[in-house]
Amino acid sequence: MTAILLTFAVSSALGIGLSISSTARSQHRAAVLEVAARQRAMAERYVNAVMLERAGQPADPGGVARILAISAERLIDGGPAPSVDGDDDGVVLPPANDRGVVLQLLQEQRLVEDLTRTGSAWLREQSLRMVPLTAGERLSVWSPVERLRVLAALTSNVSLNAARAIATDAERQVAKQIALQISLGAGGLLVTLLLAWALITATRRQTAHFRSLVTASTDLVLVFGPEGCRYASASVTAMVGIPDGELLGDGFVGHVHPEDLAAVRSATLHGEPRELRFRIMNRFSEWRHLESVISDLRQDRHIRGIVVNARDVTERIALEEELSRQAFHDGLTGLANRALFGDRLEHALARSERSAESLTLLLLDLDGFKQVNDSLGHGAGDQMLQEVARRFERSVRPTDTIARLGGDEFGVVMEGGDLARATLIANRLLEVLAQPVEVAGHEIPMSASIGIVVHPGGPARGEDLVRDADVAMYAAKEGGRGRYEVYRQEMARELGQQLGMEHELRQGLQHGEFRLYYQPEIDLASGHLIGMEALLRWTSPRRGSVPPSEFIPAAEASGFILQLGEFVLREACRQTAEWSRHGLLPKDFVMWVNVSGKQLSAGGVADLVRRELAAAGLPPSRLGLEVTETAIVQGGLPGERAQQELAAVHDDGVRIAIDDFGTGFSSLGQLRRFPIDVLKVDRSFVQGIEHDPRDAAITGNLASLAHALGIMAVAEGIESPGQLKSARELGCDAAQGFLFARPAPPDEVVRFLIGQTSPLDEGRQEVRATQPTARSG
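Presented here is a report on the structure given in the accompanying data block. Numbers given for residues are sequential positions, taken from 1 along each chain in its written order. Thresholds applied to this predicted model are a pLDDT of at least 70 for local features of residues and 80 or more for the giving and counting of side-chain atom pairs; totals over whole chains, interfaces and linings are not thresholded and use all residues. Side-chain numbers here rest on the full set of heavy atoms in the structure, without hydrogens or water.

1. Looking at the overall build of the protein
Runs of E in the DSSP output that reach at least two residues are strands. Runs of H or I that reach at least four are helices, and both are numbered from the N terminus. In terms of helices and strands, the protein carries 27 helices and 23 strands. Residues are treated as being in contact if the distance between any of their heavy atoms lies within 4.5 Å. Counting contacts in the protein only where the partners sit at least 6 residues apart, residues at least 24 apart contribute 64% of the total. Accessible area for the protein stands at about 38,200 Å²; split by element, carbon and sulfur atoms hold 53% of it. Here the open area of atoms and residues is found with the Shrake-Rupley method and a 1.4 Å probe, where only the protein chains shown may cover a residue.

2. Observations regarding the packing of helix α17 (residues 561-581) against helix α19 (residues 605-616)
Viewed as axis vectors pointing N to C, α17 and α19 meet at an angle of 35 degrees, and their least axial separation amounts to 9 Å. In the crossing of α17 with α19, the sense of the turn from one axis to the other is right-handed. Seen from α17, the contacting residues are Glu566, Leu569, Arg570, Cys573, Arg574, Ala577 and Arg581; seen from α19, they are Leu608, Val609, Arg611, Glu612, Leu613 and Ala616. Three classes are used, and their members are as follows: Ala, Val, Leu, Ile, Met, Phe, Trp, Tyr, Cys and Pro are nonpolar, Asp, Glu, Lys and Arg are charged, and the others, Gly among them, are polar. Here the residues of the contact of α17 with α19 sort into seven nonpolar, no polar and six charged. Between N-to-C directions, angles span 0 to 180 degrees; the directions come from axes that are lines fitted to C-alpha atoms, helices contributing only their stretch in contact. What makes a crossing left-handed is the near helix being turned counterclockwise from the far one by less than a right angle; a clockwise turn instead makes it right-handed.

3. Remarks on the packing of aromatic side chains
In summary, the pairing rule links any two rings of Phe, Tyr or Trp, Trp by its six-membered ring, whose centres are within 6.5 Å, and it sorts them by plane angle into stacked for under 30 degrees, edge-to-face for over 60 and tilted for everything else. One pass over the full model with this rule turns up seven aromatic pairs. Measuring from centroid to centroid gives 5.4 Å for Phe514 and Trp538, while their planes differ by 20 degrees, and the two rings are stacked. One end of the pair, Phe514, is in strand β15 (residues 514-523); the other, Trp538, is in strand β16 (residues 529-540), with 24 residues separating them in the sequence. Residue classification places Trp538 among the buried residues on the basis of a relative accessible area of 0%. Taken together, a centroid distance of 5.9 Å and an interplanar angle of 70 degrees make the contact between Phe514 and Phe551 edge-to-face. One end of the pair, Phe514, is in strand β15; the other, Phe551, is in helix α16 (residues 548-558), with 37 residues separating them in the sequence. Per-residue accessibility, obtained with a 1.4 Å probe over protein chains only, is compared with the maximum for each type, and a residue is labelled buried under 20%, exposed over 50%, and partly exposed between these values. Residue Phe514 is classed as buried on the basis of its relative accessible area of 5%.

4. Considerations on the packing of helix α2 (residues 61-77) against helix α3 (residues 99-123)
Where α2 meets α3, the closest approach of the two axes is 9 Å, and the angle between their N-to-C directions is 165 degrees. By the angle between their directions, the pair α2 and α3 is classed as roughly antiparallel. Crossing geometry of α2 relative to α3 is assigned as left-handed. Counting all contacts with α2, which are made through Pro61, Ala65, Leu68, Ala69, Ala72, Glu73, Leu75 and Ile76, the residues of α3 involved are Leu105, Leu106, Glu108, Gln109, Val112, Leu115, Thr116 and Leu123. Across the contact of α2 with α3, the residue classes tally to 12 nonpolar, two polar and two charged. Each angle receives one of four descriptions, namely roughly parallel if under 35 degrees, roughly antiparallel if over 145, roughly perpendicular if within 65 to 115, and oblique otherwise.

5. Here we look at the pattern of salt bridges
A carboxyl oxygen of Asp or Glu within 4 Å of a side-chain nitrogen of Lys or Arg is what we treat as a salt bridge. Tallied over the entire structure, the rule returns 38 salt bridges. Salt-bridge contacts for Glu463 lead to Arg461; the nearest nitrogen and oxygen are separated by 2.9 Å. Note on Arg461: relative accessible area 48%, which makes it partly exposed. Residues joined in a network through salt bridges with shared partners are Arg461, Glu463, Asp464, Arg467 and Asp468.

6. Some details on unusual backbone geometry
Here the amide bond leading from Glu272 into Pro273 is cis, since omega sits at -5 degrees, within 30 degrees of zero. Along the chain, Pro273 falls in the loop between α8 (261-270) and β5 (275-281). Its identity as a non-glycine residue notwithstanding, Glu125 has a phi of 60 degrees, on the positive side. Positive phi outside glycine occurs at Ala356, with the angle close to 60 degrees. Structurally, the position occupied by Ala356 is in the loop between α10 (338-355) and β8 (359-366). The class for Ala356 is exposed, based on a relative accessible area of 53%.

As structure tokens, then:
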């Protein structure tokens, strides 16, 4: 009897102790679950608080951040949880002991830290790139709002997973306690049974608490059986906007997008696939994107169905689509960008290789677009590009790919098109550009240079086709612009030669291969030296002595003429200043330097001249600039800029000469607008003045024109005494040419200047010999 009573007492005591322990653990788990679930709402509250404070509204994001951080710490280490408006205060949490739960809570803690650091950095207007991310997430979103929302969503997701793990562990523990209590109750007395009943009652109360938390969650929970939807949480009805009674049975699938209906039916009937994204229509006729996890619990006697846990990811999907669009489309015109163009070209080449069908590539570059930006501003240039894009889109087939590759360059990929089709499209594109575009109150004419490559089919690389089309486009520009060129092998060789020349020019300037030679200019009345022309010479280690007629056009075409022109001006100013300091130059001596039309069009010549004169210590009156006839008769903005640059340096005292006059398309109207001191008659007329009456007439008229304008006339290319005599008789004021001296390096020029015997002396004697004898009266 004693043993029985002792056993009863022990069983009763053990049952009571286990019941008390189980109830306490359940309460603790409930508190932990409540705080863990509360983290999701606090993350959203923090984002809202940050945005309110940014908007100037009263908010306390710092307080919310502290609650988030303290709660995350208490969930791991235990202790009193911070109080929150609307929740119980003074909840004491036990330390987390399940390894999986601890890892999830540590991840949540890191996400909370990343979230609050990001919010704090935004409030302090710091760059988000300076905020380190400790949770291992890789975010490509840099918008503060979107970044906060993504971090809040990640925090919410981890919190929910932790809550689920805690709830699962609690239910497992509860099941064990129920089994133990039943065992103790079977071997005990009424007290044990009463205690077991009390334990079951408490456990059910806690389970109901957990169920209430899940029901109140923002996650969407649905349960499906053979008859259709059996349960829909309040969050589902709130999202769809339809009473839950209308969602039961086949009501829910009636709102699913037709394209997703088959997958949803399979998942709700068979539990596969385990993860599913589908669309559902709400009461506003909007398609909402749901991301769901499917749990097959048909064998669970408490559920006997398939559970769908889903969340609304519509905003995230929209953000992803927008980011994708920005990554592969031009933000200004809406056309495909270079990345998408390259991808489409590679796919087209793969299809062409499989089917042996031809493929055509067109590259277009607008002519003169830079002048639009320079004269009317980048806003007007953007409007022009948008209009060009609209016209191009209307001119190609929907199956063709048209892209803006950058700046004013466009590309078109056409599959299945031959050369005839390509030239038809090229002509159509040129035609749609022929009509002017009205921008900023101006009607701007447009044209483009187009390069065409036709790939007959078979293997090829996209970068090779783009390179060939670019070569053809360059050839179209060189051929006069406003036209197209079809790629030929010869174009590549010509371009390669030109690029090789350009590279050697740059290397030559760096290695000191360029030198200035100087050719004197003689006054025909006195025979005295009045100036020199600085002439650039290049001695290449590979090419030898390269004539200016070969390397100057290459420098002009590549734009390298700007660096060469700067070098010539600097060296000529330095050398002239050195000769002047040694007293070798006559009083009115002028050093003439040739200036390219590209230098004038690019601008900055006036500043460059002033800078080099100051660096050399040379007075402006010692310097003269020679510009070609074609450089001053340009129309539009280049002509206006050339006029402004020349006027600025002329006001400083620099002389201006028109070189090779008579070979271009000058007009008196243009000459009157420019500050000109000297007109140089081209050697093509001077060389025939002895025997050709027409050359003599042209030279005389040009000299008369110069005198009528109040400027000097200089004859170029004097090579014989007869030419010298004729030039003087026709009214030329000065002359230069081989008769006086060939272009010479500085050391030889010094010997001329100090009076040693040279061809210059012989030329002066010829000048004196051709002067008429003075007569009285």
